[in-house]
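# Observations on chain architecture
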There are 2 protein chains.
Amino acid sequence: MSASSPPVVGIIGGGQLGRMLALEAPRLSLSVRCLDKAGAASPTGFLSKAGAVAGGLKEAAALRELAEGCDVVTMEIEHVSVPALEELERAGVNVQPSAGTIRIIQDKLLQKNHFQASGVALGEYRDCPDVASVEEAARDFGLPLMLKSRKEGYDGRGNAVLRDEADAGRLFGELAASSAGSGVYCEKWCPFVDELAVMVVKSANGDVQAYPTVTAIQRDSVCRVVVAPARCSAEARARAEAVASKAIASLGPGASGVFGVELFLLESGEVLLNEVAPRPHNTGHYTQDACAVSQFENHLRAVAGMKLGSTEMSVGAAAMVNVLGHSSGTEEGTLEVMELAAGMPGATVHWYGKDGCKAGRKMGHVNLTAPSAPELEATLLPLLACLGLDPADTSAGGRVPPPPPLVGVIMGSDSDLPAMSAACDILKKFGVAFECDIVSAHRTPEKMMAYAKSAASRGLQCIIAGAGGAAHLPGMVAAMTPLPVVGVPIKTSTFSGLDSLYSIVQMPRGIPVATVAVGNAENAGLLAVRMVAATRPGLQRKMVEYQEGLQGVVEGKSEKLQAKGVDGYLEGMANKSGTVNV
Amino acid sequence: MSASSPPVVGIIGGGQLGRMLALEAPRLSLSVRCLDKAGAASPTGFLSKAGAVAGGLKEAAALRELAEGCDVVTMEIEHVSVPALEELERAGVNVQPSAGTIRIIQDKLLQKNHFQASGVALGEYRDCPDVASVEEAARDFGLPLMLKSRKEGYDGRGNAVLRDEADAGRLFGELAASSAGSGVYCEKWCPFVDELAVMVVKSANGDVQAYPTVTAIQRDSVCRVVVAPARCSAEARARAEAVASKAIASLGPGASGVFGVELFLLESGEVLLNEVAPRPHNTGHYTQDACAVSQFENHLRAVAGMKLGSTEMSVGAAAMVNVLGHSSGTEEGTLEVMELAAGMPGATVHWYGKDGCKAGRKMGHVNLTAPSAPELEATLLPLLACLGLDPADTSAGGRVPPPPPLVGVIMGSDSDLPAMSAACDILKKFGVAFECDIVSAHRTPEKMMAYAKSAASRGLQCIIAGAGGAAHLPGMVAAMTPLPVVGVPIKTSTFSGLDSLYSIVQMPRGIPVATVAVGNAENAGLLAVRMVAATRPGLQRKMVEYQEGLQGVVEGKSEKLQAKGVDGYLEGMANKSGTVNV
């Protein structure tokens, strides 16, 4: 990290990943040199201050030329020649991740064996040296069965799903032919709920840090959308980060850099490792605009022997949308989504500078950020619509899970709903995403515990709880969540809600409940809006306008009173009893 | 914005601003060509896909060479030759901002005349063609008097402060000599509280958008630190954005690009324009990491005729710290602050790639982001300390204004302080920045109104208000702020606080108060922490730990009771009356 003689990082591959590495290098006072068959004309070429070498990624001579003057050689793609990397290492070149690491990772069967031996949670798999072994696996694991080439697979290429045992011979033959002699193995079908991914960065001295878990949405085996943090419970996210970190830590010395770890989230909440890529990964692009230190910067830092940067997100929520070449193969279709994104708040466009636009080719991506997941939908959904992607469609891959709501509205009984619906009306009016459920402290104590304990990890930022009489729900929920809980004392026939009020407001030291007036769920909704608006200027402006509106209502009544006089005004009132309704 | 034939932007100047423009160009599918005396060896040189021209920035021939193949020519510095720009325009080159705009802006006296004629708020100033006019201005405006060269000034060069009329001749002579024949003018001394700055972007079609106002901290006339948003009231920020936008809009057609607008904030809250730079500006560097679309991207978009991107911040607070060459002139001293920043959460380092490290030379900067201003201090203050910058020192320039607190604790009387201090203790325990004051609804109604109305704009995210008896403070404050207000009913001798409770909790529809138990200010503090923790994962973890601690306390008592038995336990208790203290 010196200003006058910048270290040089050699990158095998000059595609978009190399380009995005190269774009972060100058800030770090690093220089880049790249190897690509298009050389200087590759997306990374002109950004390579230390030169671009034209040549094949597996050619030993080209790799030697790349390594000239480099302090370290890394890669943007794992489909490289391990013997050629080993030759570099023997010649004293620092290769990161090392040839030995790439040997394990580029062969998915060796990868599985390594992670299984390291105690990383994995699905079942089996080597398939011949058709008979495929048929045997189909009987043992059941159908469908996932067949994969051991090497050279990406974006679904090198994968085949066996749905009928009669196809075993044909599929095995096709995969064996396309696997460049590497062979075939199979994986037991994994009935996952969602696909998750974690970028993990590992420094030369063994420091391992994980970026937040994301949900990766694939369609037709190509990553289309990533949402961060993953739209699952905080516990599942933590589990994914633990599995991913354990996997990368197991690679041992000589494996510095970032690693893209793909995982499966099962219905049970269990998380299994799927595959690892030894480089910046499509599921980590969101870090460019959602983190102070992106996956690209941390990869450069790690391979250059610098200390790692923070992997924390600096925004509440983010998404990445891939922009593929339009089905027409023309630029015009591809431009449309970028043009839309360019005018959106919180959107950053990333073109890859590729020559020519082919249908399905990765041409760029858009990163979106927002204070939290519900706000992200305001930009994410129009972009998906523009791309013709239905978030809920699972016919060709994963869904885009819906964002968690910000506010939970709960009550002890459906008899509280007529009173509590006023809170929901307010949340709707202000456009604050909420969920509503019946949760009784006395009749469903276990449901209540589960609700309270999971609330924060599910993404809620506030809970409104209504209860009457021996009104325990708000206080009991507050005892089991770190979130602010607003309590609504429901009006009772016995004590007009005074019993509810005392039960809710007189909480012991240590556990607060934000209590509103008896039967005033509208105010509970407004209090929740004020809470979430404190960090959302647009929503806070809406609250100011609402309060100005209240002023207008009273001024209107004042004018009417002046015009009609006291008696005339009273004649028009429904409630003339003299009892005040608040 | 086409993938195959990217528009080319020519940049006059190849320093750090050109470099940071060039680093954002590839993402937008734009190519850069630059002109610098160091050509390809300049900081921008190797990033110039469309070539780097070696030549002087004021040489007509060099400018013509730069313009070859460019779709538009812009600049990173305003000290250029207007006749040479005009020549380009006559030859059909699209220059942005136009030669006419640069003519006005590069001559600070013409700039003042233009903005004054456009009705932009300015301090008093006067042309000083000779020493006699300086002496006359000193008598009219008083001393000290700010003398400035009309052209070529930057970072305090070209400025001189006249403190003694006897020095008028000498200072005038020095400035006149260094002004390259442009002449001298003077400005009446402006007793500002803080210096503000606003980046404004203007598109070719006249669309004008302002980034948030920042506080710019200069020391010895060099910008050292920027904090965003500015640490002043939201009203003053809005005023600054209005003044800046009006100024830039007044430049009319042919003035596309970003403009750095420097302003003075006066004690009265009034905001006056200081100077405008027609290019990306040091006070806008924070936008690289705090906004989805940075000043550099928006400059490129504007000059290339693309639609403007959002100028909103995507984080709650940000700061920029300039890294100047160490006073030793060595790299080692300069590296220290960058090394410190590289390990900080929310910090992004930006080296400029300059050859050689001279004392005081701008070598790079660090951007910091955080959810809100108080959290920013955790990284900003250590960086300032590393640079030897005392935030409060005003001997050589501006202070770094302290961050606004997140929570306000107020009460009607000092007699409430013993009860209310428990809220402050909790806020201290959790490290939540707060302010504490006595504000009485009945005895200081105007202070209360001012407090409530300014609370959100000053940066508070929650107010805790304690009151007893006819306890109006919480509800009245809630009526005049969009923030959540927590009400603490103070225990009274007449009704044990039941009067306070009813006064606080029974608010009418429309205005909620989050009421806690009578006398339980500790819970009010905890509620405020829960509110601000909802968007701060680290703080929320602390709340979970606190709740686990409560569990531990009760379990300890349980063990003691089992060990000592009921009678033994009671013997050790201070309160054996049977009355429950909550």
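Named according to an unreviewed UniProt entry, chain A is phosphoribosylaminoimidazole carboxylase originating from Tetraparma gracilis. Looking at the Pathway (unreviewed entry) heading of the UniProt record, one finds this comment for chain A: "Purine metabolism; IMP biosynthesis via de novo pathway; 5-amino-1-(5-phospho-D-ribosyl)imidazole-4-carboxylate from 5-amino-1-(5-phospho-D-ribosyl)imidazole (carboxylase route): step 1/1."

## Thoughts on the packing of helix α3 (residues 82-90) of chain B against helix α4 (residues 99-106) of chain B
Residues and elements named next belong to chain B. Relative orientation of the contacting elements α3 and α4 amounts to 170 degrees, with a least axis distance of 9 Å. Relative to α4, the element α3 is oriented roughly antiparallel. Residue-level inspection shows Val 82, Leu 85, Glu 86 and Glu 89 of α3 in contact with α4, the latter providing Ala 99, Ile 102, Arg 103 and Gln 106.

## Describing the UniProt feature "domain: ATP-grasp" (unreviewed entry) in chain A
When the UniProt feature table is mapped to this numbering, "domain: ATP-grasp" (unreviewed entry) covers residues 112-304 of chain A. Helix and strand shares over residues 112-304 of chain A are 30% and 32% respectively, and the end C-alpha atoms of the span are 28 Å apart.

## Focus: the side chain of A:Lys202
Residue and element names in this part refer to chain A. For Lys 202, the location among the structural elements is in strand β9 (residues 192-202). Buried charged residue Lys 202 carries no salt bridge. Nearest counter-charge: Asp 207, at 9.9 Å. Excluding residues that lie within four positions of it along the chain, Lys 202 makes contacts with Asp 207, Val 208, Ile 248, Ala 249, Gly 252, Pro 253, Ala 255, Ser 256, Gly 257, Phe 259, Ala 302 and Leu 308.

## Topic: the pairing of strand β17 (residues 362-370) of chain B
Residue and element names in this part refer to chain B. Counting buried residues in β17 gives nine out of nine residues, a clear majority hidden from the surface. With eight bridges connecting them, strand β15 (residues 317-324) and β17 associate as antiparallel partners. The residue of β17 that forms the bridge with Asn 322 is His 365. Bridge count for strand β16 (residues 347-351) against β17 is five bridges, and the pairing is antiparallel. Counterpart to Trp 351 in the pairing with β17 is Gly 364.

## Regarding unusual backbone geometry
A cis amide bond, omega -10 degrees, links B:Gln96 with the succeeding residue B:Pro97. You can see B:Pro97 is positioned in the loop between α3 and α4. Geometrically, the link from B:Leu143 to B:Pro144 is a cis peptide bond, its omega value of -5 degrees lying close to zero. With respect to the helices, strands and loops of the structure, B:Pro144 is situated in the loop between α6 (131-141) and β6 (145-149). Non-glycine residue A:Ser221 carries a positive phi angle of around 65 degrees. Positionally, A:Ser221 belongs in the loop between β11 (214-219) and β12 (222-228). The class of A:Ser221 is partly exposed, set by a relative accessible area of 44%.

Calculation criteria
- Residues numbered from 1 in each chain as written.
- Chains lettered and ligands numbered in written order.
- Predicted model: local features only at pLDDT ≥ 70, side-chain atom pairs only at ≥ 80, totals over all residues.
- Heavy atoms only, no water.
- UniProt positions renumbered as here; feature names shortened; annotations may be inferred.
- Axes fitted to C-alpha atoms, helices over the stretch in contact; angles between N-to-C directions.
- Helix = DSSP H or I, 4+ residues; strand = E, 2+ residues; numbered from the N terminus.
- Parallel < 35°, antiparallel > 145°, perpendicular 65-115°, else oblique.
- Contact = heavy atoms within 4.5 Å.
- Buried < 20%, exposed > 50% of the residue type's maximum accessible area, 1.4 Å probe, protein only.
- Lys, Arg positive; Asp, Glu negative; His and termini not counted.
- Salt bridge = Lys/Arg side-chain N within 4 Å of Asp/Glu carboxyl O.
- Pairing = 2+ DSSP bridges.

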